Amino acid sequence: MKKLIFMILAIIMVAGQSTPIKAQTAKASTTAGAEIVSAISITSDASLNFGKMSAPSADVDVTISTASQVTTTNSSVISLFSTNAANAHYNVSGASGFVYNITLPSDDLVLIQSGSNSMHVNGFKARTTSISGSDGTSGTLVSGADTFVVGATLKVKSGQVAGTYSGSFDVIVAYN
């Protein structure tokens, strides 16, 4: 029995001293990183104002273009008094050099009201200072800033009731 125990111990000792064969390995290190840019923001410093006008004798559209031109579809049925017509004006800030998109209201979703009387505003268009000369829905944040104007069309019904009409609409900007 002593011999058997001695033999088992010898086998265990020999087995414990053997070195396993290792596979060849290699590794590489790399870095990970990220850059957080400033959030895009928008402010409005001028409201969209179609100005003063007479009640028309037929339905008419009054448009303020992004070039600040006020026109009508039929000037013989309405008188425009250009005392305070103006584009809406916006300031955008964010990460320098980034392109942003402008989301304007959908047509016929914007109402301006005077008491229970209302008019629709549609046909919204924007023009940025970073991409001058044409209407569009995007701009570039040059030195982290840009501005744009918004024009639209006011649908005035025949015999529209006199009053001061107002309402609001949302304009959204987002990084492209």
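Above: the structure in question.
For the rest of this paragraph, the subject is the overall build of the protein. Along its length, the protein carries 1 helix and 12 strands. Moving toward the C terminus, one meets the helices and strands of the protein in the order α-β-β-β-β-β-β-β-β-β-β-β-β. Considering the protein as a whole, with its 176 residues, one finds that 26% of them fall into the buried category. Taking the intrachain contacts of the protein between residues at least 6 apart in sequence as the baseline, contacts between residues at least 24 apart amount to 74%. Carbon and sulfur atoms form 55% of the exposed surface of the protein, whose accessible area is close to 11600 Å².

Right, let's get into the pattern of salt bridges. Taken as a whole and judged by the stated rule, the model has 3 salt bridges. When the shortest N-O distance is used, the salt bridge between Lys157 and Asp59 registers 3.8 Å. Within this pair, whereas Lys157 is found in the loop between β11 (145–156) and β12 (172–175), its partner Asp59 is found in the loop between β2 (52–53) and β3 (60–64), the two being separated by 98 residues in sequence. A relative accessible area of 49% places Asp59 in the partly exposed class. A salt bridge links Asp61 to Lys155, with the nearest nitrogen and oxygen atoms 3.0 Å apart. Of the two residues, Asp61 sits in strand β3 while Lys155 sits in strand β11, which places them 94 residues apart along the sequence.

Cut-offs used in this document
- Residues numbered from 1 in each chain as written.
- Predicted model: local features only at pLDDT ≥ 70, side-chain atom pairs only at ≥ 80, totals over all residues.
- Heavy atoms only, no water.
- Helix = DSSP H or I, 4+ residues; strand = E, 2+ residues; numbered from the N terminus.
- Buried < 20%, exposed > 50% of the residue type's maximum accessible area, 1.4 Å probe, protein only.
- Contact = heavy atoms within 4.5 Å.
- Areas by Shrake-Rupley, 256 points an atom, 1.4 Å probe, with all protein chains shown as cover.
- Salt bridge = Lys/Arg side-chain N within 4 Å of Asp/Glu carboxyl O.

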